[in-house]
Each structure stands twice: as structure tokens, then as C-alpha cells.
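Residue strings, one per chain:
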Amino acid sequence: MNHLLWLIPALPLLGALLLGLFGGVLPEWGAALIGAGSVGIAAIIAAAIGIHWYSAAPASHVFIQHLWTWVDLPHLNIGLSLYLDPISLLMTLVITIVGFLIHVFSSEYMAGDEGYSRYFAYLNLFVAAMLLLVLASDLLVMFVGWEGVGVCSYLLVGFWFHKAANGYAARKSFVVTRIADIAMLIGILLLAVKLGTLSIQPMMVRAVQLWPLGGFLPSLAAGLLLIGGLGKSAQVPFQTWLPDAMAGPTPVSALIHAATMVTAGVYLIVRTHVLFLLAPDVLVAISIGAAITLLLASLAALVQSDIKRVLAYSTISQIGYMFLAVGVGAWSAAMFHFLTHAVFKALLFLSAGAISMRLHHEQNIFKMGGLHNKIPLAFWSFLIGSASLAALPVVSAGSFSKEMILGSVWFDPTIGPILWGAGLLGALITATYISRVVFLVFFGPVHSEVSGRYGLRIMVPLIILAVGSLLVGWLETPGFLGGNRMVTVLLRPAVGAAGIHPAMDILADASGYIAPLLGVAIAYTLYRTGYWQRAATTQPSALRRLMHSGFGFDAVYDVLLVRPFMALVRGLRHDPVDLFVTGLSALAIRLHRTLRRSQVGQVRRYAGWLMVGSIATVAILVFK
């Protein structure tokens, strides 16, 4: 079964090629069939490989499929090989299955759009690039997939390019992530030069053999890779591109924010965790940055009025929890939260899209209300996703993964209790802001007319993801709920058993379950007293404006980076380097125009110039 691995990225790539070449002549059903079908078949193959792997994994828990040699130099050999281990298997399953459901949802959501085939071509190419990223056995091949998802995100965020704001958002996401990617590329080149290979596993072995714990080179290399991961995963200070990326179609937001692009940074660190273990200072920096990110993003989500921007900031915050886990070496906890987050965040975004479809694409939560009995499917789907995001105890997948992270952080020997406190506070705020959305959107008076109805292509993905949000958390449960360790057992051959600790003391353990419930209670109290509604109609305070702007990062970057750069562009509009070349061109044109005046068509004048030239030539020869 493993020999079919190459088909998993190849099928979406083939779908993208077919849609790119023939999409203009295909009917909508044909484009949807190719787009969703290619990813669906890839998901079936991935699931079959996963079942076979769990029942009869290779002895080494690694399967490498060499496809062809890309670069063959005396001291450098780069092959296009696919590397399947428990980490990449989990990523592949999530990308293909959740990606397929998003494709199916898109086939109805995007119906009637003039760029229908182009949309599915971009979506297929995005999935193919992400699969190449997670299956690559070589850092350079991974970087190709890494840049591929960056290009596709630019195309998808700016899909409706006729709106200037969408084009700006697409350029912003592309530029910000490219800045971080430059650091990552430098880190890859540093590793290649110092360790003599770009193949990930041999590279990790050589790093352990050649570099000391806490040395300068491993810290530098890990730091450079980290910058690339922070940019792709929208963590401080690169988080500003993600809220603006909501300009794209809602299913695009579900794909980018749930199972693919924004989790690439987490995957990169887990995949190269051996290198990061050699750089403990970098791990501490990851933990601190993650704590800051999850708190700032949670507070920003607390005051947003656009339902998609609330979910965007929640994505930044939840990825922050994953980085918090990897910062303390809890690799399994990070990957488990990746799994649960992929399911419930896809559910939340698709539910938000289902809501806006029935409200003429309205996204302002204060223009909604009273929808719980008018669109019950969207209500229950969003409620289940919200419960998982809020980590409501036992009934939601997010509760299990978030508790696993907080438990791992608690036992960190450096600043564990501080990080745990930040994570707990983030859980409280998360439950508050998502409950705020639920109360404002689905309860109270109706503010917008509901129209239309859903087809099966909307309903089925929502139902499947809702069931997943309720059940997937039971793959990894605490001891008092059975102690299932399916994710840990799957990942142990690749990352070991790091992050599995005995239970915390009862007060700390209970706090993790009480905080989300307290957040819901706070949100309900403020809703019943009308605080949220009044806040939307009154002049916001300076603090509220600061929170709404994402704590002013865009304004700071505008002053420090954007304006100076644009001033430099204006100054170099007539490039000084080109003055010499353009000067020669201008001189040649001037001489041409001067000589052209001598061409008057009079033979006597030509003869006169010929005589003058002859006399001058004789004079030079005689008197030189």
C-alpha cells in the first residue's frame, strides 16, 4: 500500500493542471468533480495507508519513496523523495480529509462565480504544495512546497482581485511571509554548508554528532528556521497578515487557517525537533513568544465585529498554543492540538460561510441575531465548533488537546508556571470571545433577513466536521477518562514520549476545566446586561481601539518600514544606476537627430560635404 504514496500529492497537482488548461471550457460540475475528486481520491489513499500503517507499520516506522534525482553534484545530492513517518502521516491525513470536505463545501458555496474553475485550480495546487511540504525528505524540496503554499495563498486571498482591498491583503500576506522565508532559506543554506546534506534525517544525526548543546551554530540555525515558521504560522511579530487574509472566500480561510498553511511552522519545528533540542535558548524564546501571541490575539478577538476576523485572531491564538507546546518539548501535544484544531476550526469557518450565505454574505455579528431557529444546521455546527475552541470540558475535542498542552507546560523546569498561567488566561479569554459571538449571532432579536436554503454539499461537510469535533478528542484522553494514548503511541517512534507527565496537582488540573466555563459565564452575563450591544454603538475607548487594531502592529510597521520603503521607491523612481545607460541612449538619439538634418536630398550639398571630407583627409595625411 505504501508504494501508492506518490499519488497523494500527484493527484491534486494533476487536478490543478487539468483545471488550469481546460477550466475555461468545463461546466461547473466538471470543475468541481475534478477539483474535489482529485483530493477525495488522495484522501482515500491516505486513509488506506494510515490503516495499513497502524496495523503493520514498517520496522523502522519510516517509509521512503525515491522518485528521481533533482541535483547531483560532487558534494551535494538532492533527490525528490517522499518521507512517510508518523508525523507526516498524521499531517497528510488531516490535509487530505479536511481539504476534501472544504472542496465539497466550496463546490456549492462558489456556485455561479465567474472564476469557478480558476478557484478549484488554485485550491488543488495549494493542497498539492502542502502535501509536498509535509512529505518531503529534503529541506530544499520542503522549501519548494513551502513557497508553493505561499504563492497559492496569494492567489486565493486575492481571488476576487477586482476589489482593491483584496489585492492589498494578498500582497501583504505574500510580502510578510516572504520576509520570514528569507531567514528560513539562509538557515537551510547554513545547515547545508555546515552539515554537508539537506536530507532531513541525516542532517539531524550529523547535528547531534558535530554540534554541542547550546552552541552558537545550532542556535543560529534553529533561530533562522524559527523565523520562517513564525512568518508562515502568523505568530508575533509576523501575525499582521492573517486577519487581512479574510478577504478571500470563506472556504479558503478554512483551508489556510485550519489544516494547512498556518500549521506549517509547527510542523517545521516538530520535524527538525532534534536541532531545536540543541538550542534550549531558542525553545525558551518560542515559549515566551507563544504566550505573548496567544494573549494578544485573544484580546484582539474580543472586540472584533466581523465574524471571520474573530476566527482569524482565534487561529493566531490557537497556533500560539501549539508553539507553546513545542517550546517546552511537548511534540505530541502540539500535534494533537493541530489535529483537533484542524477539525473544529474548519467547522467554524465553514459554519460562518454557511451563515453569511443565508444573510446575503453579511459578516458583521451585530447585524445578525436570532438565527438559532432560522438556520439550525449552522447554529449547531457553529455551537459545536465554538465549544471545542473554548475547550469546554469533556464534550469538546479542544478540551483534551488544550489540557494536554497546559499539563506539559506546567512541568517545564524553567518558567513553566508562568507559561501555564498565560495559557490558562488565554483559555478564559477564548471562551469569552467565542461565546460572545454565539450569543450575538444566534440569540436576541433578528437584524437581517434569512433567505435561501442549503444543499447536501453544504450540509454533509458541516455534519462530518461537527461529529469530528465531538469525537476526535477521545483519541487522547487523561487518566480519569480512560487514558487513551492513540496519538502519542502513533507519534512516539518519531518524537519519543516527551510531554507526557503525571497529573498536575488537583487545583491546577481543575483550573484548566473551570476557566472555559467561567469565560462562558462572563460572556453570557455581559450579553444579558447589554454590554456587548452598547459597546458596538458607543465611541470606543483608546484601549478598545488598540485591541481592535491588533495592538497597533500595522501602524508601527507602517511608520518604521512601509513609509521609509515607499519614500525610497519614490526617490529611486528614476534609478540613478540607470542614468549612465539612459544618458548614452539620449546622446545617441541627439546625434541621430543632428545628422538627420544633413539628409536633405540635394546632390550638390552631398558633393560639397564629400569634397570637404576629402580635403580634410588629405590635410591630415600631409600635416600629421
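For the structure itself, look to the data block above.
Here we summarise the structure given alongside this text.

So, the overall build of the protein
Across its full length, the protein holds 26 helices and 2 strands. Dimensions of the protein, computed from the C-alpha atoms along their principal axes, are close to 115 × 65 × 50 Å. Across the 624 residues of the protein, 54% fall into the buried class. Taking all contacts inside the protein whose residues are at least 6 apart in sequence as the whole, residues at least 24 apart take part in 80%. When the 35 positive and 23 negative side-chain charges of the protein are each reduced to one mean point, those points stand 13 Å apart.

Structural notes on the packing of helix α11 (residues 264-271) against helix α14 (residues 307-327)
Running from N to C, α11 and α14 point in directions that differ by 10 degrees, and their axes come no closer than 10 Å. Put simply, α11 runs roughly parallel to α14. Facing α11, whose interface residues are G265, V266, I269 and V270, α14 presents I319, M322, F323 and V326. Of the residues contributing to the contact of α11 with α14, the split by class is 7 nonpolar, 1 polar and no charged.

Describing the packing of α14 against helix α15 (residues 331-358)
The contact between α14 and α15 brings their axes to 9 Å, and the two run at 175 degrees. Viewed along their axes, α14 and α15 adopt a mutual orientation that is roughly antiparallel. In this structure, α14 uses I307, K308, L311, A312, S314, T315, Q318, I319, Y321, M322, A325 and V326 to contact α15, whose residues at the interface are W331, A333, A334, H337, F338, H341, F344, K345, L348, F349, A352 and I355. Looking at side-chain class alone, the contact of α14 with α15 contains 17 nonpolar, 5 polar and 2 charged residues.

Comments concerning helix α13 (residues 280-301)
Over its 22 residues, α13 extends 32 Å from the first C-alpha to the last, a length consistent with the 32 Å expected when each residue adds 1.5 Å. Listed in full, the buried residues belonging to α13 are V282, L283, I286, S287, A290, A291, T293, L294, A297, S298, A300 and A301.

The rules behind the values
- Residues numbered from 1 in each chain as written.
- Predicted model: local features only at pLDDT ≥ 70, side-chain atom pairs only at ≥ 80, totals over all residues.
- Heavy atoms only, no water.
- Helix = DSSP H or I, 4+ residues; strand = E, 2+ residues; numbered from the N terminus.
- Buried < 20%, exposed > 50% of the residue type's maximum accessible area, 1.4 Å probe, protein only.
- Contact = heavy atoms within 4.5 Å.
- Lys, Arg positive; Asp, Glu negative; His and termini not counted.
- Charge placed at Lys NZ, Arg CZ, Asp CG, Glu CD.
- Axes fitted to C-alpha atoms, helices over the stretch in contact; angles between N-to-C directions.
- Parallel < 35°, antiparallel > 145°, perpendicular 65-115°, else oblique.
- Nonpolar A, V, L, I, M, F, W, Y, C, P; charged D, E, K, R; others polar.
- Expected span 1.5 Å × (residues − 1).

Geometric descriptors of this kind do not, in isolation, establish any biological role.
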